[in-house]
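Remarks on the overall topology
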Amino acid sequence: MNNAIAQTTALLSTCALLLTGCGGGGGSVTNTPTSTTNNTTTNTTQTTTTSGAIPIGIALAQTSNVALLGQEGFVGARIAEKYFNSKGGINGTPIKLVSQDTSGDEAGAINAFQTLINKDKVVGIVGPTLSQQAFSADPIAERAKVPVIGASNTANGIPEIGDYIARVSAPVSKVAPNSLKAALKQNPQIKKVAVFYAQNDAFNKSETEIFQQTVREQGLELVTVQKFQTTDTDFQAQATNAINLKPDLVIISGLAADGGNLVRQLRELGYKGIIIGGNGLNTPNVLSVCKALCDGVLIAQAYSPEYPGEINKVFRQAYIEQYKKEPAQFTGQSFAAVQVYVEALKKLDKKSKISTLPLDKLRTELNKEILSGEYDTPLGKIGFTPVGDVVQSEFYVAQIKMDKDGNTGKFVFIK
């Protein structure tokens with residue numbers, strides 16, 4: 001327990017330092033705003049011109065139970081900022097990450113987006129952490145015509161929010177079924193499946209629909225669907241109800257804190273079958289929640305530290321040198337999101353010098369470059385569909401392997 005607390009404290013301290021370094025200061029921005037706003041958004045006629053460091057907004061959760069995911073994304077973005085600035089930034093001009101905490105709810109994401117767009121004058125935004133938040137905050141950016149790249153939004157319908165909304169996080173429909181296929185490969189005798197999901201979260205509702213559909217397509221029996229809230233800590237009733245039906249497989253769509261507690265309580269109540277965790281559990285931070293009882297959980301992945309691309313080698317080395325462990329999916333996706341901005345800005349700058357463009361035109365032209373480009377990222381080679389969804393071909397499945405002390409472990413990728 002002391003080790004877990006120490007790790008968590010260290011991580012929060014690191015993120016606090018990073019947040020201080022990414023405030024609204026630094027870089028020079030010349031403002032001649034002529035914008036008008038309404039109660040919810042937007043600036044529509046700004047003539048702000050960026051000079052000096054180019055501000056990119058990072059809207060991720062750094063507080064609340066969602067911080068277990070958001071902090072990882074922030075770390076990936078900071079590694080990207082340091083790396084690409086060391087390579088000359090945008091044709092000699094550095095980028096500057098401007099951070100706003102979305103916390104864990106829709107109001108936090110909305111406030112973060114409004115601040116980044118109207119006060120911080122960013123050219124684009126990475127975020128928010130949750131799909132639930134994206135459905136509320138992304139329309140604000142769409143109305144303001146500000147590019148958004150989701151780095152952890154995988155629910156169905158995210159890119160369809162608008163022309164300025166894209167994501168580097170592969171949709172749940174592409175990723176989730178892979179873990180079920182891996183479970184069947186480990187145990188071909190699986191017949192009965194119990195499903196749990198957080199009913200108050202848009203992503204988990206979307207993910208569980210995909211899981212349940214895949215269960216049926218595989219000819220398996222769905223014996224129960226148990227609901228919970230992301231804020232819950234006691235799952236004894238749901239877990240007992242499911243275990244009484246003797247499932248061979250349990251599938252959980254939740255976040256790291258609630259999902260990890262559910263894994264722990266299932267094991268404590270005697271469940272010995274395979275457990276699949278959804279994308280919300282796809283973080284090493286879940287290990288401090290269920291500890292030794294995390295062992296064996298299967299989770300589909302859209303990122304592997306072992307991907308052989310050169311940019312992934314650079315990213316992986318930088319992460320390991322700083323944190324002494326392998327990077328996780330959300331970290332890699334946030335790095336990729338910042339990389340997309342950098343490469344799109346570089347191409348745009350060669351066509352029309354960025355420092356001479358009014359901010360509204362810069363944002364619009366940047367959005368066009370983002371969607372038309374191809375990028376060799378830590379996730380592999382990616383591009384975007386016309387609507388803004390990521391085009392990605394590399395996917396994986398990992399299994400949690402806990403160390404003997406029961407406090408530390410890692411994600412081991414399986415063939």
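For the structure, check the block above.
These figures come from a predicted structure and were not determined experimentally. (Residues numbered from 1 in each chain as written. Predicted model: local features only at pLDDT ≥ 70, side-chain atom pairs only at ≥ 80, totals over all residues. Heavy atoms only, no water.)

Describing the overall build of the protein
This is how it is decided: A run of H or I in DSSP becomes a helix once it reaches four residues, and a run of E becomes a strand once it reaches two; helices and strands are each numbered from the N terminus. Exposure classes here rest on a 1.4 Å probe applied to the protein chains alone. A residue is buried below 20% of its type maximum, exposed above 50%, and partly exposed in between. Contacts are assigned to residue pairs that have any heavy atoms within 4.5 Å of one another. Each accessible area is a Shrake-Rupley estimate made with a 1.4 Å probe; only the visible protein chains count as cover when residues are assessed.
Within the protein, the regular secondary structure consists of 13 helices and 17 strands. Relative to its full complement of 415 residues, the protein shows a buried share of 57%. Counting contacts in the protein only where the partners sit at least 6 residues apart, residues at least 24 apart contribute 71% of the total. About 16,100 Å² of surface is accessible on the protein, with carbon and sulfur atoms providing 51% of the total.

Digging into the sheet that holds strand β13 (residues 375–377)
The line we're drawing: Between any two strands, pairing holds if DSSP finds at least two bridges.
An order of β13-β14-β15 is seen for the three strands of this open sheet, with the pairing classed as antiparallel. Looking at the sheet topology across the chains shown, the edges are occupied by β13 and β15 (390–391). Looking at chain direction, strand β14 (residues 380–384) and β15 are connected through two bridges and run antiparallel. Looking at β15, one finds that F384 is bridged to V390.

Focus on the layout of surface pockets
Worth spelling out the cut-off: Here a cavity denotes a set of grid points, spaced 1 Å apart and computed over the protein atoms alone, in which a 1.4 Å probe fits but from which it cannot get out, and a pocket denotes an open set meeting protein on both sides within 12 Å along at least five of seven lines; residues with an atom within 4 Å of a point are reported as lining. Grid points are joined across faces, edges and corners, and a volume is the space filled by probe spheres set on the points. Following the grouping adopted for this structure description, the nonpolar residues are Ala, Val, Leu, Ile, Met, Phe, Trp, Tyr, Cys and Pro, the charged ones are Asp, Glu, Lys and Arg, and the polar ones are all others, Gly among them.
Quantified by volume, the second largest pocket comes out at close to 250 Å³. Along the wall of the second largest pocket there are 10 residues; nearest its centre are R78, I79, K82, A318 and Q322. Secondary structure elements with two or more residues in the lining of the second largest pocket: α2 (67–86) and α11 (310–323). The element contributing the most residues to the lining of the second largest pocket is α2, with five residues. Looking at the lining of the second largest pocket, its residues break down into seven nonpolar, one polar and two charged.

Focus: the sheet that holds strand β5 (residues 125–126)
Where we set the bar: Lines fitted to the C-alpha atoms define the axes, with helices restricted to the stretch that makes contact. Angles between their N-to-C directions range from 0 to 180 degrees.
Spatial ordering of the open sheet is given by β4-β3-β5-β6-β7, a layout of five strands whose pairing is parallel. With partners counted over all chains shown, the strands left at the sheet margins are β4 (95–101) and β7 (165–167), one partner each. In this structure, β5 lies alongside strand β6 (residues 148–150), joined through two bridges in parallel fashion. Residue V126 lies in a different strand from β6, and its bridge partner there is I149. Sitting on the sheet, α2 touches β3 (54–60) and β4, and the angle it makes with β4 is about 165°.

Focus on the packing of α2 against helix α12 (residues 329–351)
Basically, it comes down to this: Here is the rule for angles: anything less than 35 degrees is roughly parallel, anything more than 145 is roughly antiparallel, 65 through 115 is roughly perpendicular, and the remaining ranges are oblique. For any pair of crossing helices, the crossing counts as left-handed if the nearer helix is rotated counterclockwise from the farther one by less than a right angle, and right-handed if it is rotated clockwise.
Contact geometry of α2 with α12 gives a least axis separation of 7 Å together with a crossing angle of 40°. Judged on the interaxial angle alone, α12 and α2 are oblique. Of the two elements, α2 crosses α12, and the hand of that crossing is right-handed. Listed contacts from α12 to L69, E72, G73, V75, G76, A77, I79, A80, E81, Y83 and F84 of α2 are F330, T331, S334, F335, V338, Q339 and V342.

Overview of the state of the cysteines
As a reminder, the rule being used: Two cysteine sulfurs form what is called a disulfide whenever their separation falls within 2.5 Å.
Scanning all chains against the criterion turns up one disulfide. Note on cysteine connectivity: C290 is disulfide-linked to C294, with sulfurs 1.9 Å apart. Judged by the sign of its S-S torsion, about 100°, the cystine formed by C290 and C294 is right-handed. In this structure, C290 and C294 share a single accessibility class: buried.

Points about unusual backbone geometry
In this chain, G127 is followed by P128 through a cis amide linkage whose omega measures -10°. Along the chain, P128 turns up in the loop between β5 and α4 (131–144). Its identity as a non-glycine residue notwithstanding, K246 has a phi of 55°, on the positive side. Structurally, K246 is set in the loop between α8 (236–243) and β10 (249–253).

Some remarks on the pattern of salt bridges
For clarity, the cut-off: Think of a salt bridge as a Lys or Arg side-chain nitrogen and an Asp or Glu carboxyl oxygen that are within 4 Å of each other.
As enumerated under the stated definition, the model contains nine salt bridges in all. Measuring nitrogen to oxygen at the nearest pair gives 3.3 Å for the salt bridge that ties K313 to E310. Taken together, the residues span about one helical turn, with K313 and E310 both in helix α11 at a distance of three residues. Take K313: its relative accessible area is 44%, and that puts it in the partly exposed class. As a salt-bridge pair, E369 and K351 come within 2.5 Å of each other at their nearest N and O atoms. Residue E369 is found in helix α13 (residues 359–372), and its partner K351 is found in helix α12; the two are separated by 18 residues along the sequence. Exposure remark for K351: the relative accessible area of 61% places this residue in the exposed category. The structure contains a network of salt bridges with shared partners spanning K361, E365 and K368.

Quick look at the packing of aromatic side chains
Rule in force here: Classification of ring pairs rests on two measures: the distance between centres of Phe, Tyr or Trp rings, Trp counted by its six-membered ring, which must be within 6.5 Å, and the angle between planes, read as stacked under 30 degrees, edge-to-face over 60 and tilted in between.
Enumeration according to the criterion identifies 10 aromatic pairs in this entry. Judged by centre distance (5.0 Å) and plane angle (70°), the ring pair of Y83 and F84 falls under edge-to-face. Relative to F315, the ring of Y303 lies with its centre 6.0 Å away and its plane at 70°, an arrangement referred to as edge-to-face. Here Y303 is found in the loop between β12 (298–301) and α11, whereas its partner F315 is found in helix α11, with 12 residues between them in sequence.

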